[in-house]
Each structure stands twice: as structure tokens, then as C-alpha cells.
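A closer look at the structure
Single-letter residue listing:
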Amino acid sequence: VVEGDRLVVFSGAKDVGLRCYLAQKDAAPAVAWSNWWMSRRYTGSPLIHEGHVYLLCGGRHQCFSLADGTLKWRQDVESTITSPLLVDGKLLSMEQNGMFLRLIKADPAEYQLLGRAKVEAMWCPTPAPRDGRLIVRRKDKVVCFDLRQP
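Let me sum up the structure you'll find in this document. (Residues numbered from 1 in each chain as written. Predicted model: local features only at pLDDT ≥ 70, side-chain atom pairs only at ≥ 80, totals over all residues. Heavy atoms only, no water.)

Some remarks on the pattern of salt bridges
Taken as a whole and assessed by the stated rule, the structure comprises five salt bridges. Between glutamate 95 and arginine 102 there is a salt bridge, and its shortest N-O distance comes to 2.4 Å. Comparing glutamate 95 with arginine 102, the two get one shared label, buried. Across the pair aspartate 146 and arginine 148 runs a salt bridge, and its minimum N-O distance is 2.6 Å. Of the residues examined, aspartate 146 reaches a relative accessible area of 46% and is grouped as partly exposed. We classify arginine 148 as partly exposed; its relative accessible area is 42%. Members of the salt-bridge network, linked through shared partners, are Glu95, Arg102 and Arg116. (Salt bridge = Lys/Arg side-chain N within 4 Å of Asp/Glu carboxyl O. Buried < 20%, exposed > 50% of the residue type's maximum accessible area, 1.4 Å probe, protein only.)

So this is what it looks like as C-alpha cells:
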């Protein structure tokens, strides 16, 4: 993911992990910071929101400062392979191979679980938000959840 002159990637390569590169004029990008840990799977897409990086995979949910890589919070969660979404200041993440969808407030001050619902998605698809609804692929069909207030 890119924000301004920063590029953030997540990799299982030794000593890389979650890494932020800083673009430089007329030179190769420089490593701004890196956070590596042993994870069962290195397959997730980081998100950037209001100066913070959110990574919701590898068995944990984490928030880092985009500026310097400082860890703001960490929560152990059964979330491995994810393509999380940022919708309305909230993070949506699949867990337990798509069985559940977790809703988290995108707040660097603390981890705030806002809700968790059983959606029975097919393994680890990316849900699709649209006009207050959430479309999810299941094994044999596509379903739509209405998330609007009654």
C-alpha cells in the first residue's frame, strides 16, 4: 500500500515482515522501518489510515505508526490469510478461514472489537461493501448482509 512517499509491504522473508520504504528523488527507495516476527502465514494486505498501518493476518491484528513503525497495539486473533477492508473508519477482517467476519474500529489508541458475525464465507474471500450492505462469497452461493440501521 502507498501513502504519500511511503510504500508498505508485508513479507515472510527473513528480517522483512512488515516493512515501510521511503521514496527518494533520483535514488532507490530507502527502508524507513521494519517489523519482523515468526508467523504461521505471511499472507495479508496491510491498510493505511490516518497515519497508521493496520495488519490483520498471521494470527494477530496489529497497528503501527506509519511515520516510525512504533507498535500501537497487538491482538492475537485466528486470522491468517486476509484481504481486509477499511469502511467508514472501521476494519473488516475474515477469521477462521472465512467462518467469521470481525469489525474493528480503526483507532491507534487501542484495539476495539465492535462486532463479530458468522458469515460462513468460502475460505478467505474479500467481502464487498456496497450501500450499507456486505456481499460475501460462500461455497455454493453469494449472500448479501444488510448492515444498515433499521
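After that view of the structure, there is still more to cover.
Concerning the pairing of strand S2 (residues 6-11)
Only one face of S2 is buried: it carries Arg6, Val8 and Phe10, and the other face, with Leu7, Val9 and Ser11, is open. As paired elements, strand S1 (residues 2-3) and S2 share two bridges and run antiparallel to each other. Each residue of the ladder has a partner; that of glutamate 3, found in S2, is arginine 6. Between S1 and S2, which pair antiparallel and follow one another directly, the connecting turn spans two residues, one of which, glycine 4, has a positive phi of 60 degrees. Relative to strand S3 (residues 17-24), S2 runs antiparallel, the two being bridged by six bridges. (Helix = DSSP H or I, 4+ residues; strand = E, 2+ residues; numbered from the N terminus. Pairing = 2+ DSSP bridges.)

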